[in-house]
Amino acid sequence: MTRSRDKHRSPAASRGPNLVAALISFAAVGILYFNFDPTAADADTRSLSGSLGVSRFGSPPPPALPERVSQTSKSATAQERQGDAATNGITSNRENRLGLLLSIMLLERGVDRLEQIDHYSATFFKQERVNGSMTDGQVMETKFRHKPYSVYMRWLVGDKGRELLYVDGQNDGRMMVHAGGWKARLLPALKLEPTGSLAMSESRHPITKAGLLQLARTIIYYRNSDLEKGSRVRSQLIENAKLEDQDHYCLIVEYNDQKDSPTYRKSVIYIDKQNFLPVTVQNYGWESDVPSADPSKLDETTLLEHYAYKDIRFDIQMADADFEHTNSSYKFRR
């Protein structure tokens, strides 16, 4: 692969001192110093180190949560969690707002940078609870283009060899999919509605929501909504959480009551410090909505979604053919 021209530089590239970066870094240090216990923060970083195992892209367990948050998570009802927060002062409204505001700042910076990139590739891991059951982990080679919005995926783990192609405005708004393995030689590619029942039978979100840019925008939307809820949401931002031996920001958001978040009880989001993008996201549901939930292993048994990106490349050159089903490297059949 040849490296692209300047307009395709990695978002991490910069020229000279960056005032915004300095302000964000200063704010992060200030927030963590004045609002979190130094000893507990050190323990948090150790407990998160290496816990996801994303480098293997297998089916890693949920991360070990910081002690101050996990104390109110295990087998606790909404009323108990509210009481704990009020009695023990787990996180004050001010702490919640500071953590949420800083995470929004970081992600918005990542979005601004990513919007300047035409396309990128990445290895994507996905595991979801669909129709009440947890799917096996899937690993995909992916290519994304922003204008027009385009996605190409090839399965490396799961239905190995399966390919998916979606280009906004083409194929009557449908995505093209063909099966992997021996089925690819016998069956033609299907054209599916992204939100149709067949396409959604093994996914929680349509292909139109795939990619780092869409994920970051979605998280920003939810975090802005959290700010309006005030003390009914508990959040914690860890500055140096280890993921694959690299320091990341880690935002943990937990809701007191299902009325405030009907689907998600808690979210754990890792934001990389180079490009300010959400490279790993785990979302957890409510015990009452997961029949197999074990109160003693609440996080482990209520995991709804686990997404992770690695090997992200912004410097590769792509052509229109990368998003055409006639590409000789692909196995779509007419």
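Each value, and the rule that gives it
Residues numbered from 1 in each chain as written. Predicted model: local features only at pLDDT ≥ 70, side-chain atom pairs only at ≥ 80, totals over all residues. Heavy atoms only, no water. Helix = DSSP H or I, 4+ residues; strand = E, 2+ residues; numbered from the N terminus. Buried < 20%, exposed > 50% of the residue type's maximum accessible area, 1.4 Å probe, protein only. Contact = heavy atoms within 4.5 Å. Areas by Shrake-Rupley, 256 points an atom, 1.4 Å probe, with all protein chains shown as cover. Phe/Tyr/Trp six-rings, centres within 6.5 Å; stacked < 30°, edge-to-face > 60°. Lys NZ or Arg CZ within 6 Å of the ring centre and 35° of its normal. Salt bridge = Lys/Arg side-chain N within 4 Å of Asp/Glu carboxyl O. Pairing = 2+ DSSP bridges. pLDDT = per-residue confidence, 0-100. Axes fitted to C-alpha atoms, helices over the stretch in contact; angles between N-to-C directions. Parallel < 35°, antiparallel > 145°, perpendicular 65-115°, else oblique. Left-handed = near helix turned anticlockwise from the far one by under 90°. Nonpolar A, V, L, I, M, F, W, Y, C, P; charged D, E, K, R; others polar.

**Student:** Report on the overall build of the chain, specifying residues and quantitative values.
**Tutor:** Of the regular secondary structure elements, the chain holds 8 helices and 12 strands. In the chain, which comprises 334 residues, the proportion classed as buried is 52%. Sequence separation of 24 or more characterises 60% of the internal contacts of the chain that already satisfy a separation of 6 or more. When the accessible surface of the chain is summed, it comes to about 16400 Å², and 50% of that surface belongs to carbon and sulfur atoms.

**Student:** I'd like to hear about the packing of aromatic side chains, residue by residue, with values.
**Tutor:** Summed over the entire model, instances satisfying the criterion amount to 9 aromatic pairs. Ring plane angle 80° and centroid distance 5.6 Å describe the contact between Y221 and Y222, whose orientation is recorded as edge-to-face. An aromatic cluster of three or more residues is present, and its members are Y120, F144 and F314. When the ring centre of W155 is taken as origin, the NZ or CZ atom of R162, which lies over that ring, is 4.7 Å away. Over the ring of Y284 we find K266; its NZ or CZ atom is 5.6 Å from the centre of that ring.

**Student:** Which residues make up the pattern of salt bridges, and what values do they have?
**Tutor:** As enumerated under the stated definition, the model contains 19 salt bridges in all. Between R174 and E193 there is a salt bridge, with its nearest N and O atoms 3.4 Å apart. Taken together, the residues R174 in the loop between β5 (163-167) and β6 (175-178) and E193 in the loop between β7 (190-192) and α7 (212-229) connect sequence positions 19 residues apart. On the basis of relative accessible area, R174 is assigned to the partly exposed category, the value being 33%. A relative accessible area of 41% means that E193 is categorised as partly exposed. Across the salt bridge formed by D247 and K242, the nearest N and O atoms sit 3.0 Å from each other. In this structure K242 comes out as partly exposed when scored by relative accessible area, which is 28%.

**Student:** Describe the pairing of strand β9 (residues 246-255), and please don't skip the residues or the numbers.
**Tutor:** The element β9 is extensively covered by neighbouring structure, given that 8 of its 10 residues are classed as buried. Across 9 bridges, the pairing between strand β8 (residues 233-243) and β9 is antiparallel. Following the sheet pairing, I238 is matched in β9 by C250. In this antiparallel pair of consecutive strands, β8 and β9, the connection spans 2 residues, and E244 shows a positive phi of 55°. Alignment of β9 against strand β10 (residues 266-272), held across 7 bridges, turns out to be antiparallel. Within the sheet, the bridge partner assigned to C250 lies in β10 and is Y270.

**Student:** Describe in detail the confidence of the model for the chain, supporting the description with residues and values.
**Tutor:** Chain-level pLDDT for the chain is 78 on average; 72% of the residues reach the 70-or-more range. For residues 1-9, every residue scores under 50 in pLDDT, and the model assigns this stretch 22 contacts once sequence neighbours within four places are set aside.

**Student:** Provide a residue-level description of unusual backbone geometry, including the pertinent values.
**Tutor:** A cis geometry characterises the amide bond from K147 onward to P148, with omega recorded as -15°. The residue P148 is located in the loop between β3 (138-145) and β4 (150-157) in this model. Positive phi, close to 55°, is recorded for N171, a residue that is not glycine. Turning to its location among the elements, N171 is positioned in the loop between β5 and β6.

**Student:** I'd love a proper account of the environment of L277, names of residues and values included.
**Tutor:** With respect to the helices, strands and loops of the structure, L277 is situated in the loop between β10 and β11 (278-284). Sequence spacing of L277 and A216 is 61 residues, and the spatial spacing of their C-alpha atoms is 6.7 Å. Those residues in contact with L277 that sit more than four places away from it in its chain are G110, L114, L212, Y270, I271, D272 and F314.

**Student:** Please set out the packing of helix α5 (residues 93-114) against α7 residue by residue, giving values where relevant.
**Tutor:** The geometry of α5 relative to α7 is characterised by a closest axis approach of 9 Å and an angle of 155° between their N-to-C directions. With respect to each other, α5 and α7 are oriented roughly antiparallel. Here the hand of the crossing between α5 and α7 comes out left-handed. Listed contacts from α7 to R97, L100, L101, S103, I104, L107, E108, V111 and L114 of α5 are L212, L213, A216, R217, I219, I220, R223, N224, D226 and L227. When grouped by side-chain class, the residues that make up the contact of α5 with α7 number 12 nonpolar, 2 polar and 5 charged.

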